[in-house]
Amino acid sequence: MAPDQLRKRWGFAVVAAAPLTLMTAVPALAQGVQAASFASAVPLSFAVGAGAFALLALAGIRSAKAESRAARQRAAGQVATLRAQLDEYEALLSGTREITVLWTENNVGDPKFLGQASAVLPVGRPPESALKFRSWLPANEAERLAERLEGLRVHGHAFDVVLTALDNRSVRASGWVLGGGAAMRLKPAFMPKAADGVDQPAPQDTGSARTMLSLLDQPAFLRGDGDQLIYANAAYFRLAKGLGRSGSPEAPPELLDATTLKQHLAACAAADGPAGLRINWPSQGSYELIEFSAGGGRAGYLRPVSTPEATVPGEASFAPIGGIIDALATPIAIFNGKRELVQFNQAYGNLWNLHPKFLALGLDERAILDKLRTEGQLPNQVDYQTWRTEHLKSYGRKAPHENDPWHLPDGRTVKVFSAPAGPEGGVIYVFEDITERLQLESTNKAFSNVQRETINALSEAVAVFGTNGRLTLSNPRLSALWKLPMNELGTNPHIDQIAEATGRAIPEDGASIWRDLKRGIIDLNPTRSDTTGRINRSDGRLLDYAITRLPDGQTMMTFLDVTESASYSKVLKERNDALVAADLLKDAFVENVSYELRSPLTNIIGFADLLANENGALSERQRAYVDYIRASSVTLGVLIDNILDLASVDAGIAELRPELLDVPGLVEKARAGLSATFPEISGERPINLVVDIEDNLPPFIADGTRVVQVLYNLLSNAARFSPPGGEIRLSISHRAGRMLFVIEDEGPGLTDEMKAAIQTRVDAPVGRQRGAGLGLSIVKTFVNLHGGTINTERREPRGSRIIVNLPRDSAMAGVAE
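Thresholds, definitions, all that
Residues numbered from 1 in each chain as written. Predicted model: local features only at pLDDT ≥ 70, side-chain atom pairs only at ≥ 80, totals over all residues. Heavy atoms only, no water. Phe/Tyr/Trp six-rings, centres within 6.5 Å; stacked < 30°, edge-to-face > 60°. Helix = DSSP H or I, 4+ residues; strand = E, 2+ residues; numbered from the N terminus. Buried < 20%, exposed > 50% of the residue type's maximum accessible area, 1.4 Å probe, protein only. Pairing = 2+ DSSP bridges. Axes fitted to C-alpha atoms, helices over the stretch in contact; angles between N-to-C directions. Contact = heavy atoms within 4.5 Å. Arc of directions from axis to C-beta. pLDDT = per-residue confidence, 0-100. Polar contact = N/O pair within 3.5 Å; in protein donor to acceptor, adjacent residues only side chain to side chain. Patch = residues over 30% accessible without salt bridge, like charges linked within 9 Å, V, L, I, M, F, W, Y side chains within 5 Å. Areas by Shrake-Rupley, 256 points an atom, 1.4 Å probe, with all protein chains shown as cover. Salt bridge = Lys/Arg side-chain N within 4 Å of Asp/Glu carboxyl O. Lys, Arg positive; Asp, Glu negative; His and termini not counted. Charge placed at Lys NZ, Arg CZ, Asp CG, Glu CD. Core = buried A, V, L, I, M, F, W, Y, C linked by side-chain atoms within 4.5 Å. Expected span 1.5 Å × (residues − 1). Parallel < 35°, antiparallel > 145°, perpendicular 65-115°, else oblique. Left-handed = near helix turned anticlockwise from the far one by under 90°. Nonpolar A, V, L, I, M, F, W, Y, C, P; charged D, E, K, R; others polar.

Concerning the packing of aromatic side chains
In this description, a pair of aromatic rings is defined by centroid distance and the angle of the planes.
Reasoning step 1: Considering all chains together, one arrives at 17 aromatic pairs under this definition.
Reasoning step 2: Ring geometry for Trp352 against Phe431: centres 5.8 Å apart, planes inclined by 90°, an arrangement best described as edge-to-face. You can see Trp352 sitting in helix α8 (residues 346–352) and its partner Phe431 sitting in strand β16 (residues 427–433), a full 79 residues away along the chain.
Reasoning step 3: According to the relative accessible area criterion, Trp352 is buried, its value standing at 1%.
Reasoning step 4: Of the residues examined, Phe431 reaches a relative accessible area of 5% and is grouped as buried.
Reasoning step 5: Ring geometry for Phe700 and Phe741: centres 6.0 Å apart, planes at 50°, overall tilted. Of this pair, Phe700 sits in strand β24 (residues 700–702) while Phe741 sits in strand β26 (residues 738–745), and the two are 41 residues apart along the sequence.

Below you can see the structure in the form of structure tokens.
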């Protein structure tokens, strides 16, 4: 009770008690009672007055208490109304895409934060981070805002500036004095800074209110002076469409019927603050309609009752998994229902080579696609706008979807997966660079094709069986070799099925052969080894097979038809045996014949010499005949010696006996043999041998007998192919540790047959006489034994030249192979 009211009530009690006291004393005065009697009546009168005063005071106190109780109830009602209004304002501020920071009286205590932090700060940051300016603003902008805020809280200077955040977003910061405290609002800037850098003030119209309402996910609207709807956001039109109401952006439809709207507008006019109304639409659910004054008109929104207050899709819901997404190597990007980027990882930026300053949260996906197209990182399209529209249909899908691979101009191929981000809308993109996988698949396919073509081209039959005993790979040769239809092999038959089919094709032993082979296929012993063998089929075919264990656990079996090669091998073996027997027979023949011929030849030579020494006993013609016999006998002896020498070389028993030789002596021995072979008959000189020996020849170590044979055979060959009396020149010199023997003649020159005779042991039946081939083969053999070489040249204008090059020391020469 107020003091004034209490004083008034006590004064009333005193005034009312005084007459009552006088009335009590009147009877005594009227009877003329004496002073003593009057004196005795005074205490009674005061007692009665005091009692009346107490009764009146009690009544006044009870009345004051009742009034005080009613006053407290009225005050509590007013406080509740104010709190409800405060909650509504805070709810409205919290639902907008801005941050409001409030400091209480005298700027003491912790500030209060209202609104959505993600509107200004990076996703996942708490609202308190708004005052940590350097965490979301560059250093110069952070210092600038800190100075403005200090001027507001200390000196009461209001400010309105536009700032550029670290992610390149423009943020408008406004500060003003609020009673004894201060307030600051941070929101996305819808008006850029002027070219001169001076902050431009926001226009005082409904544009800002329209912009703020357009950002709400809840149905919101704006009324003009006549309570007519002048603006509604997209969510409002979606709700109206669901209710079957139509309108235009200039004249949005009313969602309330006429009676309810009239009552609601009357309630709004009577209310000092926001007015609320509960609405229930069976098809859309329950909503709470809240309206409040805004810019000369009224703004309002519809809040779903059954769901909590909406937030911007994709920001807070994906913040807890941001660390997981960042740790993944797979490129991931998440966009909300407004196509705004709300989450991505480093792999996404690396995939498209996008700078971190460009990939700011809240960036529209269309801007990203346009930038990628400008930089030539999107697939080449004839109609880019149609392609982009088709891609953005991902926001309307209700199930995960795999797009066609993107073949990028730089040669990469990217597969794109899209999935709904949640009930609030949005898309989760997962990108996979499949360039290497496609290359590997292409390489593997090419390798498989080459492998199959190679297997198909093999002469061997190939069959590969898996661990389950089924055929996994084969070639046409297997079908032809075992008479199996290709269509049966193409069905990956089991080895038992192959055995049955083979049994039908080869009834005698086809099934039994494959049953024996099955043991090597189904043997899973890890220590088993590869096996080989030969199969002798009943149809006369011989097959070599091999069972090889492959690294992946499969088993490869190969078959090779060796029927013809086995026949050839048999024929070759028989022929080789015949050749060996013939060679042995030849050796025996040469050995026997050569020695058997030498004895009668010696007798012929002896008797020819005896006849030649009969002075005067023979006529000139007889003497000529004897000379022919002697020359032919010498030639025959030389041939026998050559045959024996070749036999010793073939037997590998020919050896050199190197010794220091007298070169002129070697020449004389060769000349003597040549004279015996080509004697002077009837005064005719068969050859004209000219010898030219270089002076001061160095020592020559070789097998003298073999060297004489070489010279004799070369000189005799030259004599045979030279005209009678033709000049044959023998030149001997040395050069760099080698001895050179050069034989030149005036014959027709060396033919191809004669050159071949030097390399092979073929008798060349050309020229005046035979036997050149065997002699030249002896020459080649002995020259090789000494480690020398022999060359042939054609002389101009006619004749031939043979050069024998021998080492000066042949002591290290080996035995002929």
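Some details on the sheet that holds strand β1 (residues 99–103)
Reasoning step 1: Across the sheet, which stays open at both edges, the five strands sit in the order β2-β1-β5-β4-β3 with antiparallel pairing between neighbours. Edge strands, defined here as strands with exactly one partner in the open sheet, are β2 (112–115) and β3 (159–164). Taking each pair of neighbouring strands and ignoring which way they run, the sheet shows an average axis angle of 20°.
Reasoning step 2: Contacts from helix α3 (residues 139–155) reach β1, β3, β4 (170–178) and β5 (181–188), with the element oriented near 165° to β3.

Digging into helix α9 (residues 365–374)
Reasoning step 1: Among all positions of α9, only Glu365, Ile368, Leu369 and Leu372 are buried. Projected down its long axis, α9 shows its buried positions confined to an angular sector of 95°, all on one face.

Some points on the confidence of the model for the chain
Reasoning step 1: Considering every residue of the chain, the mean pLDDT works out to 77; 77% of them sit at 70 or more.
Reasoning step 2: Looking over the chain, one finds the lowest element-wise mean pLDDT in helix α1 (residues 3–30), namely 49, and the highest in strand β14 (residues 406–407), namely 92.
Reasoning step 3: Contacts for the low-pLDDT stretch residues 28–36, under 50 throughout, to residues beyond four places or in other chains number four contacts.
Reasoning step 4: Confidence over residues 191–205 falls short of pLDDT 50; this stretch has 18 contacts with residues more than four positions distant or in other chains.

Quick word on the side chain of Arg412
Reasoning step 1: Here Arg412 is to be found in the loop between β14 and β15 (413–420).
Reasoning step 2: Reaching out from Arg412, the side chain makes a polar contact with the backbone oxygen of Leu351 at a distance of 2.9 Å.
Reasoning step 3: At 2.8 Å, the side chain of Arg412 and the side chain of Asp410 are in polar contact.

Considering the sheet that holds strand β20 (residues 542–549)
Reasoning step 1: Taken together, the five strands give an open sheet; going across it, the order is β18-β17-β21-β20-β19, and neighbouring strands pair in antiparallel fashion. Each edge of the open sheet carries a strand with a single partner, namely β18 (471–474) and β19 (531–536). Across the sheet, the axes of successive neighbouring strands diverge by a mean angle of 20°, strand direction being ignored.
Reasoning step 2: When strand β17 (residues 461–465) meets β18, the two strands line up antiparallel, connected through three bridges. Among the inter-strand pairings, Ala463 is bridged to a residue of β18, identified as Ser474.

Some remarks on a positive patch on the surface
Reasoning step 1: A surface patch of like charges, here positive, comprises Arg62, Lys65, Arg69 and Arg72.
Reasoning step 2: Mapping Lys65 onto the fold places it in helix α2 (residues 35–95).
Reasoning step 3: Exposure remark for Lys65: the relative accessible area of 53% places this residue in the exposed category.

Focus on the nonpolar core
Reasoning step 1: Grouped together as the largest cluster of nonpolar side chains are 36 residues, with contacts concentrated most on Phe700, Val707, Leu714, Leu715, Ile728, Leu730 and Phe741.
Reasoning step 2: At eight residues, helix α19 (residues 704–720) tops the list of elements feeding residues into this core.
Reasoning step 3: Counting 27 residues, the second largest nonpolar core, distinct from the first, contains Ala333, Tyr348, Leu351 and Leu363.

Details of helix α15 (residues 510–522)
Reasoning step 1: The terminal C-alpha atoms of α15, which comprises 13 residues, lie 19 Å apart, in line with the 18 Å expected from a rise of 1.5 Å per residue.
Reasoning step 2: Among all positions in α15, only Gly510, Ala511, Ile513, Trp514, Leu517, Gly520 and Ile521 are buried.
Reasoning step 3: Where α15 is buried, its residues contact β17, α12 (476–482), α14 (495–505), β19, β20 and β21 (555–561).

As for the pattern of salt bridges
Here the idea is simple: oppositely charged side chains can pair when their charged atoms come close.
Reasoning step 1: On inspection of all chains with the given rule, the structure shows 24 salt bridges.
Reasoning step 2: Between Lys393 and Glu390 there is a salt bridge whose closest N-O contact spans 3.0 Å.
Reasoning step 3: Lys393 sits in the partly exposed class, given a relative accessible area of 45%.
Reasoning step 4: Connected through salt bridges with shared partners, the residues Glu432, Arg437 and Glu441 form a single ionic network.

Some points on the packing of α14 against α15
Reasoning step 1: Closest axis-to-axis distance for the α14/α15 pair is 7 Å, and the angle between their directions is 160°. It follows that α14 is roughly antiparallel to α15 by the angle criterion. Our pair here, α14 against α15, has a crossing hand that is right-handed. Contacts from Ile495, Asp496, Ile498, Ala499, Thr502 and Gly503 of α14 reach α15 at Gly510, Ala511, Trp514, Lys518 and Ile521.
Reasoning step 2: A per-class count over the contact of α14 with α15 returns six nonpolar, three polar and two charged.

Structural notes on the pairing of strand β10 (residues 297–304)
Reasoning step 1: Buried residues dominate β10, accounting for seven of its eight residues.
Reasoning step 2: Relative to β10, strand β6 (residues 220–223) runs antiparallel, the two sharing four bridges. Paired with Arg223 across the strands is Arg298, a residue of β10.

A few points about the environment of Ile743
Reasoning step 1: Along the chain, Ile743 turns up in strand β26.
Reasoning step 2: Beyond its immediate stretch of four places on either side in the chain, Ile743 contacts Leu714, Leu715, Ala718, Ile728, Arg729, Leu730, Ser800, Arg801 and Ile802.

Side note on unusual backbone geometry
Reasoning step 1: The backbone of Asn353 shows a phi angle near 55°, a positive value even though the residue is not glycine.
Reasoning step 2: Its location among the elements puts Asn353 in the loop between α8 and α9.
Reasoning step 3: With relative accessibility at 62%, the residue Asn353 sits in the exposed group.

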